[in-house]
Number of protein chains: 2
Amino acid sequence: MTVASKTVSDVIHSHFGLLTRAEKQLAESLLDNYPVSGLGSITTIAENAGVSTPTVVRMVQKLGFKGYPDFQAHLHLEVEATISNPIAKHDRWAQNAPGTHILNRFADAIMGNLRQTLTDLDTATFDSVASLLSDRKRGLYFVGGRITGALAEYFFTHMQVIRPATTLLSSNSSSWPQYALNMNAGDILIIFDIRRYEQEMVSLATAARKRGAEIVVFTDQWGSPAAKLARHAFRVRIEAPSAWDSSVVTLFIVEALIEAVQNSTWDETKERMKTLEGLFEQTKLFRKPG
Amino acid sequence: MTVASKTVSDVIHSHFGLLTRAEKQLAESLLDNYPVSGLGSITTIAENAGVSTPTVVRMVQKLGFKGYPDFQAHLHLEVEATISNPIAKHDRWAQNAPGTHILNRFADAIMGNLRQTLTDLDTATFDSVASLLSDRKRGLYFVGGRITGALAEYFFTHMQVIRPATTLLSSNSSSWPQYALNMNAGDILIIFDIRRYEQEMVSLATAARKRGAEIVVFTDQWGSPAAKLARHAFRVRIEAPSAWDSSVVTLFIVEALIEAVQNSTWDETKERMKTLEGLFEQTKLFRKPG
DNA sequence: CATCCTCTGAAAAATTCTTTTCATGACACC
DNA sequence: GGTGTCATGAAAAGAATTTTTCAGAGGATG
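The paragraphs below set out a description of the structure included in this document.

Rules behind the numbers
- Residues numbered from 1 in each chain as written.
- Chains lettered and ligands numbered in written order.
- Predicted model: local features only at pLDDT ≥ 70, side-chain atom pairs only at ≥ 80, totals over all residues.
- Heavy atoms only, no water.
- Helix = DSSP H or I, 4+ residues; strand = E, 2+ residues; numbered from the N terminus.
- Buried < 20%, exposed > 50% of the residue type's maximum accessible area, 1.4 Å probe, protein only.
- Contact = heavy atoms within 4.5 Å.
- Areas by Shrake-Rupley, 256 points an atom, 1.4 Å probe, with all protein chains shown as cover.
- Pairing = 2+ DSSP bridges.
- Axes fitted to C-alpha atoms, helices over the stretch in contact; angles between N-to-C directions.
- Near = heavy atom within 4 Å.
- Polar contact = N/O pair within 3.5 Å; in protein donor to acceptor, adjacent residues only side chain to side chain.
- Nonpolar A, V, L, I, M, F, W, Y, C, P; charged D, E, K, R; others polar.
- Buried area = accessible area lost by both parts, 1.4 Å probe.
- Salt bridge = Lys/Arg side-chain N within 4 Å of Asp/Glu carboxyl O.
- Phe/Tyr/Trp six-rings, centres within 6.5 Å; stacked < 30°, edge-to-face > 60°.

## With respect to the overall build of chain A
Item 1. For chain A, the count of helices and strands is twelve helices and five strands.
Item 2. In chain A, which comprises 290 residues, the share counted as buried stands at 53%.
Item 3. The long-range share in chain A, meaning contacts at least 24 apart out of those at least 6 apart in sequence, stands at 67%.
Item 4. As presented, chain A carries roughly 12,800 Å² of accessible surface, and 54% of it is formed by carbon and sulfur atoms.

## Observations concerning the sheet that holds strand β3 (residues 188-192) of chain A
Residue and element names in this part refer to chain A.
Item 1. Reading across the sheet, the five strands line up as β2-β1-β3-β4-β5 and stay open at both edges, with parallel pairing between neighbours. In the strand order of this sheet, the two ends are held by β2 (166-168) and β5 (232-236), each with one partner. For this sheet, the mean inter-axis angle between neighbouring strands, taken without regard to orientation, is 15 degrees.
Item 2. Alignment of strand β1 (residues 140-144) against β2, held across three bridges, turns out to be parallel. In the strand pairing of β2, L140 is matched with T166.
Item 3. Relative to the sheet, helix α10 (residues 199-210) contacts β1, β3 and β4 (214-220), its axis offset from that of β3 by approximately 170 degrees.
Item 4. Seen against the sheet, helix α11 (residues 248-264) touches β3, β4 and β5 and runs at an angle of roughly 140 degrees to β5.

## Quick word on the protein's contact with DNA strand C
Item 1. Taken together, 17 residues lie around DNA strand C, and T20(A), A22(A), T55(A), R58(A) and I42(B) are the ones closest in.
Item 2. Among atoms of DNA strand C positioned within 4 Å of the protein, sugar and phosphate together represent 67%.
Item 3. For DNA strand C, a phosphate oxygen lies 2.5 Å from a polar atom in the backbone of I42(B).
Item 4. Ranked by residues supplied to the surface near DNA strand C, first place goes to helix α4 (residues 53-62) of chain B with four residues.
Item 5. Of the residues assigned to the surface near DNA strand C, the class counts are seven nonpolar, eight polar and two charged.

## Overview of unusual backbone geometry
Residues and elements named next belong to chain A.
Item 1. Look at A165: it is not a glycine, yet its phi comes out positive at around 60 degrees.
Item 2. With respect to the helices and strands, the residue A165 is situated in the loop between α8 (149-162) and β2.
Item 3. Judged by relative accessible area, A165 falls into the partly exposed class, the value being 46%.
Item 4. Not every positive phi belongs to a glycine, and R196 is a case in point at roughly 65 degrees.
Item 5. As for its position among the elements, R196 is in the loop between β3 and α10.

## Side note on the environment of I45(B)
Residue and element names in this part refer to chain B.
Item 1. Looking at the element boundaries, I45 is found in helix α3 (residues 42-49).
Item 2. The class for I45 is buried, based on a relative accessible area of 3%.
Item 3. Spatially, the C-alpha atoms of I45 and L26 are 8.1 Å apart, while their sequence positions differ by 19 residues.
Item 4. Once residues within four sequence positions are removed from consideration, I45 is found in contact with L26, L30, S37, G38, V56 and Y68.

## Looking at the interface of chain A and chain B
A common way to state how big an interface is: give the accessible area lost once the parts meet.
Item 1. Across the boundary between the two partners, chain A contributes 69 residues, which contact 73 residues of chain B.
Item 2. Both sides of the chain A and chain B interface together cover about 7,100 Å² of buried area, and 64% of this is carbon and sulfur.
Item 3. Across the contact surface, chain A and chain B share one salt bridge.
Item 4. For E28(A), the salt bridge identified is with R237(B), shortest N-O distance 2.9 Å.
Item 5. For the pair chain A and chain B, the interface holds 15 residue pairs in polar contact (both at pLDDT 80 or more).
Item 6. Of all the elements in the fold, those that place two or more residues in the side of chain A that touches chain B are α2 (21-31), α5 (68-84), α6 (102-120), α7 (123-134), α8, α10, α11 and α12 (266-287) of chain A.
Item 7. The dominant element in the side of chain A that touches chain B, judged by the number of residues it contributes, is α6(A), at ten residues.
Item 8. Tallied by class, the residues present in the side of chain A that touches chain B amount to 33 nonpolar, 18 polar and 18 charged.

## What to know about the packing of aromatic side chains
Residue and element names in this part refer to chain A.
Item 1. Taken as a whole and assessed by the stated rule, the structure comprises 18 aromatic pairs over all chains.
Item 2. Plain terms: the ring middles of F155 and F218 are 6.3 Å apart, the flat faces sit at 85 degrees to each other, and that makes the pair edge-to-face. In this pair, F155 is assigned in helix α8 and F218 in strand β4, connecting sequence segments 63 residues apart.
Item 3. You can call F155 buried: its relative accessible area is 0%.
Item 4. Chaining the aromatic ring pairs together yields one cluster made of F142, F155, F156, F192, F218 and F234.

## Some details on the protein's contact with DNA strand D
Item 1. Within the structure, DNA strand D sits among 17 residues, and I42(A), T20(B), A22(B), T55(B) and R58(B) are positioned closest to it.
Item 2. Across the atoms of DNA strand D situated within 4 Å of the protein, the share located in sugar and phosphate is 68%.
Item 3. Between DNA strand D and Y68(A) there is a distance of 3.1 Å, counted from a phosphate oxygen to a backbone nitrogen or oxygen.
Item 4. Between DNA strand D and the protein, one listed contact pairs a phosphate oxygen with a side-chain N or O atom of T55(B) at 2.9 Å.
Item 5. Residue assignment for the surface near DNA strand D shows that the elements contributing at least two residues are α3 (42-49), α4 (53-62) and α5 of chain A together with α2 (21-31) and α4 of chain B.

## Details of the pattern of salt bridges
A side chain of one charge can pair with a side chain of the opposite charge if their charged atoms are brought near each other.
Residue and element names in this part refer to chain A.
Item 1. Tallied over the full model, the rule gives twelve salt bridges over all chains.
Item 2. With a closest N to O distance of 3.0 Å, D120 and R237 form a salt bridge. Of this pair, D120 sits in helix α6 while R237 sits in the loop between β5 and α11, placing them 117 residues apart in sequence.
Item 3. Under the relative-accessibility criterion, D120 is labelled partly exposed at 43%.
Item 4. Put simply, D135, K137 and R138 are held in one network by salt bridges that share partners.

Geometric values such as these leave the question of function open.
Printed below as a string of structure tokens:
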């Protein structure tokens with residue numbers, strides 16, 4: 001077999017599973033900012049990847065090249081192809097032209113959403129919410145709708161590891177009143193409510209408010225009716241070239257919040273995570289002894 | 001004066017009058033197919049231009065470079081500038097926040113992940129998966145782990161609206177064997193398996209394969225062991241300035257897939273969605289008459 | 001816990017690349 | 001034609017890069 005027709009990137013990917021740790025590290029480094037990162041000398045790229053030069057030699061030989069010079073020659077050809085032919089390989093993500101691949105159009109949209117959302121977002125709001133969520137004395141309740149339920153679950157799963165007293169409400173609204181009953185003053189209800197707002201969210205929010213709970217809402221730019229009852233609201237852009245709305249930026253904020261909370265209570269969290277990991281391991285052992 | 005701001009091409013042009021015959025010949029050769037022609041060793045470009053290596057050294061020094069390596073380094077930078085990073089690097093995303101605010105750092109990381117993932121991602125893979133999922137004769141099974149379960153659910157919820165025969169496996173692996181039993185040849189198992197890979201995923205994938213199912217895996221750049229059994233694998237970048245991995249880009253691909261599938265079967269989907277919306281409305285009416 | 005195996009990088013060896021030196025030849029000017 | 005200057009490349013010297021060797025680290029296995 002010859003390496004000719006496939007790109008170096010392809011070859012790396014197809015061999016990725018066979019690579020050792022240091023080699024994977026090197027492959028990462030090469031694919032990062034590919035193919036330019038492979039233009040320098042073997043010494044340079046070894047240093048950039050944090051591995052030794054022999055590792056580079058071994059890997060390129062494993063990939064099927066005669067040696068580093070051979071490897072680099074292929075890379076040069078690709079660079080040439082890429083530069084002299086802008087359509088080749090670089091058509092993805094590049095042009096905004098109509099008819100581009102759905103991935104490109106989506107990427108453009110997401111970029112726009114992210115930028116717009118961050119421009120509108122008050123960092124003070126973000127910081128306040130982060131500090132609210134960091135307060136371990138407050139109970140945390142997560143709820144989402146049909147589509148956003150997954151986001152609520154994602155948030156919940158992480159926060160459950162980080163801190164105690166977290167609860168995920170079923171997306172089925174019939175059980176919500178019971179949860180509301182359990183809320184105490186100072187507890188926090190995190191609501192995900194995006195276009196095609198669920199009517200029951202308002203009832204839930206109202207009930208929670210009556211019990212003295214703080215409310216945080218994730219919604220779109222038009223705003224869930226529940227947002228009016230909220231202490232803090234994140235208005236996220238959700239536009240996508242699709243019949244559906246995009247939750248990507250919402251997830252982005254959720255992840256940033258997770259990190260902010262985790263970071264502000266790291267010492268306590270660390271212990272918790274250790275214990276939890278232990279429990280998971282044990283569960284596995286129980287499940288499949290040996 | 002430093003060479004920094006001007007391109008190598010500019011420098012050559014501005015010095016062209018001062019060059020000797022052999023040097024002009026060399027300069028021609030370099031400008032022809034610029035800048036790729038300057039990527040090789042000094043020997044190579046000397047040969048290509050039909051001059052001797054000392055001529056090359058003399059010329060690049062005359063142009064103001066320290067030596068050939070210096071000259072080539074500048075060329076590499078230009079190649080990089082020409083090829084890379086279509087996504088503008090933003091110093092600051094959120095307004096009124098220091099560049100080091102977690103939101104800004106997260107935004108940088110996510111954009112890097114997105115860019116890298118799209119660079120590595122083969123659109124053919126994407127299209128193949130989209131067309132697999134569009135085939136309504138195939139049953140669809142979604143499964144995720146502890147953290148990725150939410151992603152599986154998100155994907156599932158949408159696909160359930162778009163097409164029939166979709167199933168979400170519980171994240172609890174004890175029930176997986178039964179699901180595997182139900183799979184038919186041609187069915188598709190969509191696996192989300194990201195760092196801290198779940199051991200049972202491999203068993204599930206193996207069982208599914210035995211039943212003749214196709215496997216699609218969403219994993220990270222290091223690759224779930226289950227990816228080896230998969231027909232198609234998405235290697236998504238998940239790095240974040242956090243103790244946790246980021247699922248944002250994974251969600252991005254999921255959403256793009258949802259749109260691709262929906263789009264390819266829009267007529268059928270439209271009817272389905274209408275009916276479904278009707279059902280949801282009815283449910284609400286039942287629940288809360290009036 | 002001993003043994004095997006694989007992976008890894010330090011260091012040496014081999015090779016290639018880069019620069020310098022220098023001899024030759026071309027050309028201009030006296 | 002003599003002389004000097006400059007351009008040029010062959011070849012040597014010098015410096016790097018690339019490859020190979022090898023020993024130790026670390027992990028798996030019995």
